[in-house]
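Listed here are the chains, written in short residue letters.
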Amino acid sequence: MRSLADIITTGSEVMEGMDATLTCQISGISQTLNAVTWKDSTGSAVSGAEYLPSPGTYSANNQTTTLEINGSANTADANFSCVFDSLEWAITGNSTTVYSDVFAINVADKNIVTGTDQDIDCPITGLAGTNATVTWQDPDGSAISNGANYSMDPGSISGGSQTATLTIKEPVLLEMTSPKTYTCTVKSTHYTSSSSSASANITLTPLVLGVTAVEKEVENNTLATISCVITGISQQLDKVTWKLGGSDVLGISNTYYTVDNGTYNATDNSQTTVLTVAAADNLADTTYQCVFSANEWKEYDRITQCVLQVFCKYSMRPPSLL
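Residues numbered from 1 in each chain as written. Predicted model: local features only at pLDDT ≥ 70, side-chain atom pairs only at ≥ 80, totals over all residues. Heavy atoms only, no water.

Re the overall build of the protein chain
Where we set the bar: Helix numbering and strand numbering both begin at the N terminus, where a helix is a DSSP run of H or I of at least 4 residues and a strand a DSSP run of E of at least 2. In this setup the radius of gyration rests on C-alpha atoms only. A globule is expected at 2.2 Å times the number of residues raised to 0.38. Three labels apply to residues, based on accessible area from a 1.4 Å probe with only protein chains included: buried if under 20% of the type maximum, exposed if over 50%, partly exposed otherwise in between. Throughout, a contact is declared for two residues whenever any of their heavy atoms are within 4.5 Å. Using a 1.4 Å probe, the Shrake-Rupley method yields the accessible areas, and only the shown protein chains count as cover for residues. By the counting scheme adopted, Arg and Lys are positive, Glu and Asp are negative, and His together with the chain ends is not counted. Working definition for charges: the position is that of NZ of Lys, CZ of Arg, CG of Asp or CD of Glu.
A count of helices and strands for the protein chain gives two helices and 25 strands. For the protein chain, the C-alpha radius of gyration of 34 Å lies well beyond 20 Å, the compact-globule estimate for 322 residues. By its C-alpha atoms, the protein chain is 125 × 45 × 35 Å across when sized along the principal axes. Residue burial in the protein chain is summarised as follows: out of 322 residues, 37% are buried. Long-range contacts, defined as pairs at least 24 residues apart, comprise 62% of the intrachain contacts of the protein chain with a sequence gap of at least 6. Accessible surface, the protein chain as shown: approximately 16500 Å² in total, 48% of it carbon and sulfur. A gap of 9 Å separates the mean positions of the 13 positive and 32 negative side-chain charges of the protein chain.

This is the structure we're talking about:
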């Protein structure tokens, strides 16, 4: 005996702002449905240019109705209802919920160092409940695979969020002398028929490690400061030391010298370290060494000379005026 089979619905999960299509397949019928309506979560029939409902066409005891949602209206999770009448089955106003889910890709451009492997992330939020499929493309648009140059971690969903990570290895980084753009492509697997994928670009700008000694000339017997500005870093320096004649100044005297290691500045990828010399020790021109380690650059105990010059201020008139 012929019977009305289960109603098969297919929802959609795409990136926010993308077009989506919902479907509702009714089987076990012998003729076209008498009425089909798509309604929003308030129970009102969808209307406006953002929505395109189609009742579908009867074929082989089936009829599949669809609702196309324009991307401009597809900015948040929503549920719709497929409502139909079938007089041959004495059914009126049969309603089935179909879900339209959206996710977001929250990437950010990044300054990177080229001395060690670098990770770039592709954070995805708002997933309905299953891991998304994530692929990566290099600056030439070619698909990336795990190997000597790259490794990929797709991440795992937790609380609707998933972060995929691409590790770019040294052989690639050593050749990166200008900004390069990588692409993260995300496809939902929550609904098997949601074939739309979304991509986001991440531009990587290679940093160049640099050191600038900020030297001073001051009057003798006055408090003085000199500094080193280290640029082209992406994190706090691993070690900072000021030396005099190869010895740590703090080991020479905690009274005469004060060292401020400085704090990493993410705005300009720099760190400034300052040496303060007490007036009592500021008697003659002196060359100090600013020494730092930046493990991300594989720079260990790099030395930069920094000169503190002094001059004498005479209270007497010059001899020529006597």
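The discussion continues.
Regarding the sheet that holds strand β22 (residues 257-260)
Using the following cut-off: Being paired, for any two strands, means DSSP has found at least two bridges between them. Here, axes are lines fitted to C-alpha atoms. For helices the fit covers the stretch in contact, and angles between N-to-C directions go from 0 to 180 degrees.
Strands sit in the order β17-β19-β23-β22 across an open sheet of four strands; the sheet is antiparallel. Either end of the sheet is taken by a strand with one partner, and the two such strands are β17 (210-214) and β22. Going across the sheet, the axis of each strand differs from the next one's by a mean of 15°, ignoring polarity. Across five bridges, the pairing between β17 and strand β19 (residues 224-231) is antiparallel. Residue pairing in the sheet places V214 in a bridge with S227 of β19.

Overview of the nonpolar core
Heads up, the rule is: Buried Ala, Val, Leu, Ile, Met, Phe, Trp, Tyr and Cys residues form a nonpolar core when they are joined through side-chain atoms within 4.5 Å.
W136, L166, I168, Y182, V186 and L204 are the most contacted members of the largest nonpolar core, which totals 25 residues. Broken down by element, this core gets its largest block of residues, four residues, from strand β16 (residues 197-206). Beyond its immediate sequence surroundings of up to four residues, I168 is in contact with D117, Q118, I120, N149, Y150, L173, Y182 and L204. V240, W242, Y257 and C290 belong to the second largest nonpolar core, which has 24 residues in total.

A word on the layout of surface pockets
Any empty space left between atoms is shown by rolling a water-sized probe over those atoms. Short version of the rule: Put plainly, a pocket is an open set of points on a 1 Å grid over the protein atoms alone with protein on both sides within 12 Å along at least five of seven lines, a cavity is a set where a 1.4 Å probe fits but cannot get out, and a lining residue has an atom within 4 Å of a point. Grid points are joined across faces, edges and corners, and a volume is the space filled by probe spheres set on the points. Following the grouping adopted for this structure description, the nonpolar residues are Ala, Val, Leu, Ile, Met, Phe, Trp, Tyr, Cys and Pro, the charged ones are Asp, Glu, Lys and Arg, and the polar ones are all others, Gly among them.
Computed from the structure, the largest pocket encloses a volume of approximately 200 Å³. Surrounding the largest pocket, D138, P139, D140, Y150, P171, V172, E175, M176, K180 and Y182 form its lining. Its residues assigned to classes, the lining of the largest pocket comprises six nonpolar, no polar and four charged.

What to know about the environment of Y182
As a reminder, the rule being used: Polar contacts, as used here, are pairs of N or O atoms within 3.5 Å; protein pairs need one atom able to donate a hydrogen and one able to accept it. Residues neighboring in sequence count only if both atoms are side-chain atoms.
Assignment of secondary structure puts Y182 in strand β15 (residues 180-187). By relative accessible area, which is 1% here, Y182 ends up buried. Remark: the alpha-carbon pair of Y182 and N149, spanning 33 residues in sequence, is separated by 14 Å. Side-chain polar atoms of Y182 contact the side chain of Y150, separated by 3.0 Å.

Things to note about the packing of aromatic side chains
We count it as follows: Each Phe, Tyr or Trp ring (for Trp, its six-membered ring) is paired with any other whose centre lies within 6.5 Å, and the angle between the two planes then decides the class: stacked below 30 degrees, edge-to-face above 60, tilted in between.
With the rule as written, the count across this model stands at three aromatic pairs. Summarising the aromatic geometry, the rings of Y150 and Y182 are spaced 6.1 Å apart at their centres and angled 70° between planes, so their arrangement reads as edge-to-face. Of the two residues, Y150 sits in strand β13 (residues 150-153) while Y182 sits in strand β15, which places them 32 residues apart along the sequence. Take Y150 and Y182: they sit in the same class, and that class is buried. Seen in terms of ring centroids, Y257 and Y288 are 5.9 Å apart; in terms of plane orientation they differ by 75°. Their pairing is edge-to-face. Taken together, the residues span a long stretch of sequence, with Y257 in strand β22 and Y288 in strand β24 (residues 286-294) at a distance of 31 residues.

Notes on the pattern of salt bridges
So the rule is basically this: What counts as a salt bridge is simple: a side-chain nitrogen of Lys or Arg found within 4 Å of a carboxyl oxygen of Asp or Glu.
Across all of its chains, the model carries three salt bridges by this definition. Here K298 ties to E170 by a salt bridge, and the two come within 2.9 Å at their closest N and O atoms. Taken together, the residues K298 in the loop between β24 and β25 (299-311) and E170 in helix α1 (residues 170-173) connect sequence positions 128 residues apart. For K298, a relative accessible area of 45% corresponds to the partly exposed category. The partly exposed category is assigned to E170, whose relative accessible area is 25%. Notably, a salt bridge pairs E299 with R302, separated by 3.6 Å at the nearest N-O pair. Taking relative accessible area as the criterion, E299 reaches 24% and is therefore assigned partly exposed.

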